Structures are given as C-alpha cells and as structure tokens.
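Overview (structure and organization)
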Amino acid sequence: MADAASQVLLGSGLTILSQPLMYVKVLIQVGYEPLPPTIGRNIFGRQVCQLPGLFSYAHHIASIDGRRGLFTGLTPRLCSGVLGTVVHGKVLQHYQDGDKPEESGPGSVQKEGSPSFDQVIKETTREMVARSAATLITHPFHVITLRSMVQFIGRESKYCGLCDSIVTIYREEGILGFFAGLIPRLLGDIISLWLCNSLAYLVNTYALDSGVGMAHDGLAWAVGLPCWAEWEGA
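Residues numbered from 1 in each chain as written. Predicted model: local features only at pLDDT ≥ 70, side-chain atom pairs only at ≥ 80, totals over all residues. Heavy atoms only, no water.

For clarity, the threshold we go by: UniProt positions are given in the numbering used here, feature names are shortened, and annotations may be inferred rather than shown by experiment.
Going by the annotation in an unreviewed UniProt entry, the name recorded for the protein is Mitochondrial carrier homolog 2, with Octodon degus given as the source organism. In UniProt, the protein has this text filed under Subcellular location (unreviewed entry): "Mitochondrion outer membrane".

**Some points on the overall build of the protein**
Definition in use: The numbering of helices and of strands both runs from the N terminus, where a helix is a DSSP run of H or I of at least 4 residues and a strand a run of E of at least 2. Burial classification: accessible surface area is computed with a 1.4 Å probe over protein chains only, and a residue below 20% of its type maximum counts as buried, one above 50% as exposed, and the rest as partly exposed. Contact criterion: two residues are considered in contact whenever any of their non-hydrogen atoms come within 4.5 Å of each other. Note on areas: Shrake-Rupley with a 1.4 Å probe; residue coverage comes only from the protein chains shown.
Scanning the protein from N- to C-terminus turns up 7 helices and 2 strands. For the protein, the α and β elements follow one another from N to C terminus as α-β-β-α-α-α-α-α-α. When each of the 234 residues of the protein is scored for burial, the buried share is 26%. Within the protein, residue pairs in contact and separated by at least 24 positions form 71% of the contacts whose partners lie at least 6 positions apart. For the protein, the accessible surface area stands at approximately 15,700 Å², while carbon and sulfur atoms represent 65% of it.

**Some words on helix H2 (residues 54-65)**
Since the α-helix packs 3.6 residues into each turn, any two residues three or four apart lie on the same face. Filter applied, for reference: Take the number of residues in a helix, subtract one, and multiply by 1.5 Å to get its expected span. Note that the arc is defined by the directions from the helix axis to the C-beta atoms.
With 12 residues, H2 should reach 16 Å at 1.5 Å per residue; the first-to-last C-alpha distance of 17 Å fits that figure. When we look at burial in H2, the residues that qualify are Tyr57, Ala58, His60 and Ile61. Here the buried residues of H2 occupy an arc of 155° about the axis, which is enough to place them on one side. Facing away from the buried side of H2, by more than 90 degrees, are the exposed residues Phe55, His59 and Ser63. Just downstream of H2, Gly66 is the residue with a positive phi angle, here 80°.

**Re a nonpolar patch on the surface**
Definition in use: The patches described consist of residues with a relative accessible area above 30% and no salt bridge, like charges being joined within 9 Å and nonpolar side chains (Val, Leu, Ile, Met, Phe, Trp, Tyr) within 5 Å. Note on definitions: salt bridges are taken to be side-chain nitrogens of Lys or Arg within 4 Å of carboxyl oxygens of Asp or Glu.
Together, Ile183, Leu187, Ile191 and Leu195 give the surface a local cluster of nonpolar side chains, amounting to about 410 Å² of exposed area. Relative to the elements of secondary structure, Leu195 occurs in helix H6 (residues 182-223). Residue classification places Leu195 among the exposed residues on the basis of a relative accessible area of 56%.

**Focus on the packing of aromatic side chains**
In this description, a pair of aromatic rings is defined by centroid distance and the angle of the planes. The condition is simple: Any two of the Phe, Tyr and Trp rings considered here, Trp counted by its six-membered ring, make a pair once their centres fall within 6.5 Å; the pair's planes then place it as stacked at under 30 degrees, edge-to-face at over 60, or tilted in between.
Scanning all chains against the criterion turns up 3 aromatic pairs. Note on Phe117 and Tyr201: the rings are 5.5 Å apart at their centroids and 50° apart in plane angle, and the pair reads as tilted. Of this pair, Phe117 sits in helix H4 (residues 117-150) while Tyr201 sits in helix H6, and the two are 84 residues apart along the sequence. On the basis of relative accessibility, which here comes to 14%, the residue Tyr201 falls in the buried class. Following the ring pairs from residue to residue traces out a cluster consisting of Tyr23, Tyr32 and Phe152.

**With respect to helix H5 (residues 162-173)**
Over its 12 residues, H5 runs 16 Å from end to end, which matches the ideal 16 Å to within 8%, given 1.5 Å per residue. Those residues of H5 that fall on the buried side of the exposure criterion are Ser165, Thr168 and Ile169. For H5, the arc enclosing every buried residue in end-on projection is 95°, short of the 170-degree limit, so these residues lie on one face. Among the exposed residues of H5, those oriented more than 90 degrees off its buried face are Cys163, Tyr170 and Arg171. Looking at the buried residues of H5, the elements they touch are H4. The first or second residue beyond H5 is Gly174, which carries a positive phi of 80°.

**Structural notes on the pattern of salt bridges**
Evaluation of the coordinates by the stated rule reveals 4 salt bridges. One salt bridge in this structure joins Arg131 and Glu127, with 3.0 Å as the shortest N-O distance. Pair noted here: Arg131 and Glu127 are both in helix H4, with a separation of 4 residues, about one helical turn. Between Glu173 and Arg147 there is a salt bridge whose closest N-O contact spans 2.6 Å.

Below you can see the structure in the form of structure tokens.
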C-alpha cells in the first residue's frame, strides 16, 4: 500500500512538472505552428529556417492564456495517471499472488542469473495485460486531456472542465466517444513493449554475457587466475 501511494505521489508530481511540455508537444503534433520560422544554423553551419523552440512556444501560450494556461488538461491527466497506476499495480499484484503457491511448493527451485526466454515471454505477457487494462480504464481521461489542449488552436471553450467535458462527449458521441483512438494507442503500447523487452533479452543474453565472459577469460589468463567456468562454480 505504501509503495502504491509513493508511486502515485511521485507520478503526480512528475505529471504536474511535465504538463507544459506535454501541452506544447500535443500542439506541435497536430501541426499547429503559431509563430513564423526564424533564420538559424544547423549542425553543419548552414543557414536554415527553424520553427520556434519549446520555450518560445510555451511563452506564446502564456502570453495568450497566462501561465495558468500552460496547465490546461492537467486535471484529467492527473486522474488518468493515478487510476492507471492503481489498475496496473492491482493486475500485477494479482499475478504475483497467484504465483505464491507455486513458489512455495516443495519442488520449487529459484534459479539465479539471466531470465530464460520463457520467463521473458511470461513477464512481458503479464505487463502487456496490466498496461492494456490501465489504458482501457484511463482512455476516457486521455481523450478529454487531448481535446482540452487542442481546442487552444480554434480558441474554443467546449471542454472547459472534467465534468463538463464528460457531459459534452456523452451527449454528442455517446459512450464510444470516450474510446476514440483506443485501438492505435493499445497497439502502440503493445508493440513497443514487446520490442523493448525482446531487445533487452537479446542484449543481455548474447551481447553482455559473451562480453563479460571474454573479458574475464582475458583477465584470468593475464594474472594466472582459474578459468571463468571455475569462477562461476565458486
């Protein structure tokens, strides 16, 4: 319980601090460029036209809506972060509780060292289920967050608060409106998770282990120590 509370507090603090960056990133991703490009130089020293940077973009938003405007969409994003952390932790805790009887069995042996490929698949599948459940539960807040940010472009006030946004989406689009864009978001999370975990397994298994073994063999030969297999046995 204490770990979950600390994760929620830490995540909420990071969300508040990063909200202006998130706001600017979303507006850039939808193609909104309110400031004209300036003349600058690239890494090769050539003069090029450069779009405004992060601070210039944030200053432009603050000049229109004030500094408080940089935190537009913070409330639904905080709700999404807190709820997602809780759901993610509950799902993983459910899997861990199910493993306890197996781990405490008489024939259970805890192996140390690099995880096997089956263990990687097992852990990745559990993480995928936990992330998918958290994404499914928090996606309505994600939709409200993005829409409240993007309405800055047209200077609209359609999604002003959390409750008003929920009522507006439900009245105009129904329940399905809260899950707009869910499939590509889920696919992106799942694909990135499997790619990262598979790459980490390959690096740990074939690159680091072989590199450590070669370095240890060379050191043992130089100073007259036993071979690395004998070192491992010790």
